[in-house]
Amino acid sequence: MKYWWRRLWKEEDGIGTVEMILILVVLIALVIIFKNQLTSLVNEIFDKITSQSRLV
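Being a predicted model, the structure only gives us computed values, none of them experimental.

### A few points about the overall build of the protein
Then step 1. The helix and strand inventory of the protein stands at 3 helices and 0 strands.
Then step 2. Along its sequence from the N terminus, the protein presents helices and strands in the succession α-α-α.
Then step 3. Evaluated residue by residue, the protein yields a buried proportion of 5% over its 56 residues.
Then step 4. Total accessible area on the protein stands at roughly 5600 Å², and carbon and sulfur atoms take up 69% of it.

See the structure below:
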């Protein structure tokens with residue numbers, strides 16, 4: 001396992017993988033932190049879509 005981590009860290013492809021994992025971790029953390037705000041924003045958007053679609 002230790003050898004695998006060293007190889008992953010030193011390879012160019014491994015660095016890209018580590019960067020992707022870090023980006024995913026940050027995005028997941030942001031979603032968890034702002035979950036309530038995101039939920040209310042999405043609900044407001046769907047409410048507007050629903051109310052405006054009734055007018056047509």
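### So, the confidence of the model for the protein
Then step 1. Mean pLDDT over the protein works out to 85, with 84% of the residues at or above the 70 mark.
Then step 2. Mean pLDDT across the elements of the protein ranges from a minimum in helix 1 (residues 2-10), with 73, to a maximum in helix 3 (residues 35-55), with 91.

What counts, and where the lines are drawn
- Residues numbered from 1 in each chain as written.
- Predicted model: local features only at pLDDT ≥ 70, side-chain atom pairs only at ≥ 80, totals over all residues.
- Heavy atoms only, no water.
- Helix = DSSP H or I, 4+ residues; strand = E, 2+ residues; numbered from the N terminus.
- Buried < 20%, exposed > 50% of the residue type's maximum accessible area, 1.4 Å probe, protein only.
- Areas by Shrake-Rupley, 256 points an atom, 1.4 Å probe, with all protein chains shown as cover.
- pLDDT = per-residue confidence, 0-100.

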